[in-house]
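# Structural features, examined
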There are 2 protein chains.
Amino acid sequence: MSDAMTTDLYEVTMALSYLREGMTRPATFSLFVRDLPPDRGFLVAAGLEPVLDYLHRYRVTQQDVEVFASVLGRPAGELAPLLGLEFTGEVRAVPEGRVVLAGEPLLEVTAPLPQAQLVESYILNRVSHQTAVASKYARCVLAADGHPVVDFALRRTHGPGAAYDAARLSAIAGLAGTSNVAAAHAEGIPAVGTMAHSYVEAFETEEAAFRAFARSHPGPVTYLVDTYDTRSGVATAARVLRSLGLGPGCAVRLDSGDLGVLAFQARSILDAAGLSEVRIVASGSLDEFAVQRLVRAKAPIDVYAVGTRVGTSADAPYLDSAYKLVEYDGRPVMKLSSAKATAPGRKQVFRRPGCTDVIGLAVERPPAGSVPLLKTVMTDGRRTAERAPLGTARQRLLADLAELPPESRRIEAPTAPRAGLSARLTALAERVRGQIRQRLVSG
Amino acid sequence: MSDAMTTDLYEVTMALSYLREGMTRPATFSLFVRDLPPDRGFLVAAGLEPVLDYLHRYRVTQQDVEVFASVLGRPAGELAPLLGLEFTGEVRAVPEGRVVLAGEPLLEVTAPLPQAQLVESYILNRVSHQTAVASKYARCVLAADGHPVVDFALRRTHGPGAAYDAARLSAIAGLAGTSNVAAAHAEGIPAVGTMAHSYVEAFETEEAAFRAFARSHPGPVTYLVDTYDTRSGVATAARVLRSLGLGPGCAVRLDSGDLGVLAFQARSILDAAGLSEVRIVASGSLDEFAVQRLVRAKAPIDVYAVGTRVGTSADAPYLDSAYKLVEYDGRPVMKLSSAKATAPGRKQVFRRPGCTDVIGLAVERPPAGSVPLLKTVMTDGRRTAERAPLGTARQRLLADLAELPPESRRIEAPTAPRAGLSARLTALAERVRGQIRQRLVSG
């Protein structure tokens, strides 16, 4: 399936119409999130890198044209104006890892109108999904309060592609590793994981399973101890570890039951066996809320493994995002629909200390003490810089989180800062709104 | 990224250990959903076709072995036992489109233990995700009560792959079309969609936009009428349609505001203009709950477009699924962990009229009047039948929905039938549980 086919049909019908009408002047579309989901005090910008890859390679091929014609039930000749179309425009965007707020453009595309329109579906998909998931992982790291967190989401994301994305985003958010081999390898993330219940069950006894695993994998091991009975499983693990002379670097994993209570019991059993260096890993339906409860209860859990609920951002699996035309051929435009009105013009976000942001026009001079968030990342359809390593995005996030007010970093009932609008943007929106209303009345 | 790399690391460490221990006898894993999410009275089995494609092509290559070694920090030679491993086993599964309930195996894999283990992550991912999403779309079709529903989910699914899956599943569920060009083309689904707000805004006036669209696309058109003011937009659409002599096959789309109220107003304006054949399409944050409210209010909406909330199954974005070892080398096994206990043995689901199901052992004779749900779909690593067209899955779903009790088809607060367990399965579970407890006590 080609990139150009991964589109909503209406992008194709609109682009064709623009070409036929000769409407190929520069257009700017702005991608932003209207409102944050409940229980989000901030968002983490993500998805830009795959978008730039996509724009760089975007090209409408002969096969694409034939497919467009086929699904529209038209002769291929009618779609010919689209053949060979590439993306030759500019992208200004917030780099991955930066904290963003409601209403702030994450990305602005300026390109000949048909191009900027055709790429909408893909861009919106990538940025919305990845920003939602990165934000969820970031909250887990905050909740863990210094304890390592690892990603086990592969088995329940929305397809294997989403699992790869989740693992990559988890690394930006500061997780310490992922179980996803493909992502660990390609993105340079530590790979983690050891055994499932099936492994224990495949042997006649739990002890036989633990001994076999150590035989096959010399070095530190992590034993899953809750297949039959957690306390009994921890005792068996302790016995095997002692008899094999193992300890440092080893761990037991708890995956069911009351993880807080069981962690205290496991710690006692391990300590009594002289295995104070053996760590405890907890997993099973964990998200930032559960992690925070365990951390606050001072449960002796050393590593938290999060999966399903975090990799799918289960409490907020989508963002209320939009990719809106804000300027065409130098003319600022806006939408007035109830509750979905947009602001016109090419924009910039000016960040001041404490994430007290101002959304203004791209042409404005930054207010004193502010830095602009959107950077030019693509011109003439080409990246302006090399892809940054994940660690760079991670550092951006750490710096921005340090600036966020405590109530925005809070796990339970956080409140997000609201960006203000600059005087010039407010005035422009008023003027354009007035012009549209005038046309509606006179029309 | 190869298929074999799309795995949790622990599948690799376990498989390697099984090979080293000579544990390559047949194992059966059973995939089922422990409990249905709230607001689900049934699930729609899905994801089997991509799983069969994956198993058919599964092969651990030299590159995979090197990647496994790299992420484990071991010499590649240690991973050599995995090289060339293919899937040579059997799959018994519930065909796509059939209704399934909590605890019922959707799929059972029987293969040499290392093979059956290695494919866990991918299989769980595909079946869990697709079953969740297919079930959500099916509820939309029920809510629409005969009105066509179409899929607009592409822009907010978890990556473009998930969008493709969503479109395919929407067709199984009975939706009438999708906006996703790639999926429409490849799966033979009608492609739908016309214009966005950006199209209207790119022109000086709404009327100029509507006229241009008709010029570019001869034949019936659908006008988006809420860019500035919905009633004014409908009036403009009516004026343009009349002046162009258009009507039959055309539509207006409402995408914001109180869709019920606006639909009545739009209908009045259109009817007054003699355009009673022009249809009304509604979109914007719709899911089965919103669709049902509009249908019950008898809003004059002809077509419902669902997207974000349905394509992501937003109120239940994952299922509590498991892929559990139930038999190894002829020995039934089970897990006893609190609240996550599993039942041992190779299973079958016997469906009786009214979806009063009994979960039994695969070797049992079907109870009178029942049909077995799991079919053998792969033997020796090869499909036993051609891939069925989507329409076949759709017909299975229709037949099963007709059998479901009304309270399970209900949109608000549905109740799901509970499958019973056969006497033989209950007895086997008791016996295995006793044996494990005995070993724990004596161990």
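Residues numbered from 1 in each chain as written. Chains lettered and ligands numbered in written order. Predicted model: local features only at pLDDT ≥ 70, side-chain atom pairs only at ≥ 80, totals over all residues. Heavy atoms only, no water.

This paragraph deals with the interface of chain B and chain A. Facing 103 residues of chain B, the contacting portion of chain A comprises 103 residues. When chain B packs against chain A, the two sides together hide about 8,800 Å² of surface, and 55% of this comes from carbon and sulfur. Three residues stand out in chain B for area buried against chain A, namely Arg155(B), His158(B) and Tyr228(B), and they jointly supply 9% of the buried area on that side. Where chain B touches chain A, the interface holds ten salt bridges. Residues Arg331(A) and Glu204(B) are paired through a salt bridge, measuring 3.5 Å at the closest nitrogen-oxygen approach. Along the contact surface separating chain B from chain A lie 63 residue pairs in polar contact (both at pLDDT 80 or more). The dominant element in the side of chain B that touches chain A, judged by the number of residues it contributes, is helix α1 (residues 9–20) of chain B, at nine residues. Within the side of chain B that touches chain A, the residues separate by chemical class into 45 nonpolar, 35 polar and 23 charged. (Contact = heavy atoms within 4.5 Å. Buried area = accessible area lost by both parts, 1.4 Å probe. Salt bridge = Lys/Arg side-chain N within 4 Å of Asp/Glu carboxyl O. Polar contact = N/O pair within 3.5 Å; in protein donor to acceptor, adjacent residues only side chain to side chain. Helix = DSSP H or I, 4+ residues; strand = E, 2+ residues; numbered from the N terminus. Nonpolar A, V, L, I, M, F, W, Y, C, P; charged D, E, K, R; others polar.)

Quick look at the packing of helix α2 (residues 48–57) of chain B against helix α5 (residues 120–144) of chain B now. Residue and element names in this part refer to chain B. Two elements in contact, α2 and α5, have axes separated by 9 Å at closest approach and are oriented at 165 degrees. Taken as axis vectors, α2 and α5 run roughly antiparallel relative to one another. The handedness of the crossing between α2 and α5 comes out as right-handed. In this structure, α2 contributes Pro50, Val51, Tyr54, Leu55 and Arg57 to the contact, and α5 contributes Tyr122, Ile123, Arg126, Val127 and Gln130. Of the residues assigned to the contact of α2 with α5, the class counts are seven nonpolar, one polar and two charged. (Axes fitted to C-alpha atoms, helices over the stretch in contact; angles between N-to-C directions. Parallel < 35°, antiparallel > 145°, perpendicular 65-115°, else oblique. Left-handed = near helix turned anticlockwise from the far one by under 90°.)

Residue and element names in this part refer to chain B. For helix α10 (residues 230–244), spanning 15 residues, the distance from its first C-alpha to its last is 21 Å, which sits close to the expected 21 Å at 1.5 Å a residue. Along its buried surface, α10 packs onto α9 (206–216), β8 (222–224), β9 (251–254) and α11 (259–272). A distance of 3.4 Å separates the backbone nitrogen of Arg231 from a side-chain oxygen at the start of α10, and that oxygen is part of Asp229. Looking one or two residues beyond α10, the residue adopting positive phi is Gly245, at roughly 70 degrees. (Expected span 1.5 Å × (residues − 1).)

With that settled, the discussion passes to the UniProt feature "domain: Nicotinate phosphoribosyltransferase C-terminal" (unreviewed entry) in chain A. UniProt annotation of "domain: Nicotinate phosphoribosyltransferase C-terminal" (unreviewed entry) refers to residues 371–426 of chain A when read in the numbering used here. Secondary structure within residues 371–426 of chain A divides into 39% helix and 20% strand; the distance between the first and last C-alpha atoms comes to 20 Å. (UniProt positions renumbered as here; feature names shortened; annotations may be inferred.)

Here we take up the packing of aromatic side chains. Tallied over the full model, the rule gives 14 aromatic pairs over all chains. On the basis of an interplanar angle of 25 degrees and a centroid distance of 5.3 Å, the ring pair of Tyr18(A) and Tyr199(B) is categorised as stacked. Of this pair, Tyr18(A) sits in helix α1 (residues 9–20) while Tyr199(B) sits in helix α8 (residues 197–202), which puts the two residues in different chains. Given a relative accessible area of 0%, Tyr18(A) falls into the buried group. Ring centres of Tyr199(B) and Phe213(B) lie 5.3 Å apart, and the angle between their planes is 90 degrees; this geometry places the pair in the edge-to-face category. (Phe/Tyr/Trp six-rings, centres within 6.5 Å; stacked < 30°, edge-to-face > 60°. Buried < 20%, exposed > 50% of the residue type's maximum accessible area, 1.4 Å probe, protein only.)

Turning next to the environment of Arg267(A). All names here are of chain A. In this fold, Arg267 is placed in helix α11 (residues 259–272). Look at Arg267 and you get buried, because its relative accessible area is 14%. As a C-alpha pair, Arg267 and Arg279 span twelve residues in sequence and 8.4 Å in three-dimensional space. Ignoring anything within four residues of it in the chain, the contact list for Arg267 reads Leu275, Ser276, Val278, Arg279, Ile280, Pro300 and Asp302.

As a further point, take the side chain of Lys335(B). Considering the arrangement of structural elements, one finds Lys335(B) in the loop between β13 (331–332) and β14 (347–352). There is a polar contact of 3.5 Å between the side chain of Lys335(B) and the side chain of His197(A).

As a further point, take the pairing of strand β3 (residues 90–93) of chain A. Residues and elements named next belong to chain A. Bridge count between β3 and strand β5 (residues 107–112): four bridges; the pairing is antiparallel. Paired with Glu90 across the bridge in β5 is Thr110. Two elements, β3 and strand β17 (residues 375–379), share three bridges in a ladder whose sense is antiparallel. Looking across to β17, one finds that Val91 is bridged to Met378. (Pairing = 2+ DSSP bridges.)

Attention shifts here to the sheet that holds strand β19 (residues 420–421) of chain A. Residue and element names in this part refer to chain A. An order of β16-β14-β15-β19 is seen for the four strands of this open sheet, with the pairing classed as mixed. Where the open sheet ends on each side, the last strands, each with one partner, are β16 (371–372) and β19. Both strand β14 (residues 347–351) and β16 contribute to a ladder of two bridges, which runs antiparallel. Bridge pairing in β16 places Phe350 opposite Pro372. Across the face of the sheet, helix α16 (residues 423–442) comes into contact with β14, β15 (358–361) and β19 while running at roughly 60 degrees to β15.

What follows concerns the side chain of Asp151(A). In this structure, Asp151(A) sits in strand β6 (residues 149–151). Once residues lying within four places of it in the same chain are set aside, the contact partners of Asp151(A) are Tyr137(A), Ala167(A), Ser170(A), Leu175(A), Gly177(A), Thr178(A), Ser179(A) and Val306(A).

Residues and elements named next belong to chain B. With respect to topology, four strands assemble into an open sheet ordered β16-β14-β15-β19, the strand pairing being mixed. The open sheet is flanked by β16 (371–372) and β19 (420–421), the only strands paired with a single partner. Sheet analysis places strand β15 (residues 356–361) next to β19, joined by two bridges and oriented parallel. Bridging from a neighbouring strand, Ile359 pairs with Leu421 of β19. Against the sheet, helix α16 (residues 423–442) makes contact with β14, β15 and β19, and its axis sits at roughly 50 degrees relative to β15, the strand it touches most.

Residues and elements named next belong to chain A. In this structure, Val100 sits in strand β4 (residues 99–100). Given the relative accessible area of 1%, Val100 is considered buried. Residues Val100 and Val326, 226 residues apart in the sequence, show an inter-C-alpha distance of 19 Å.

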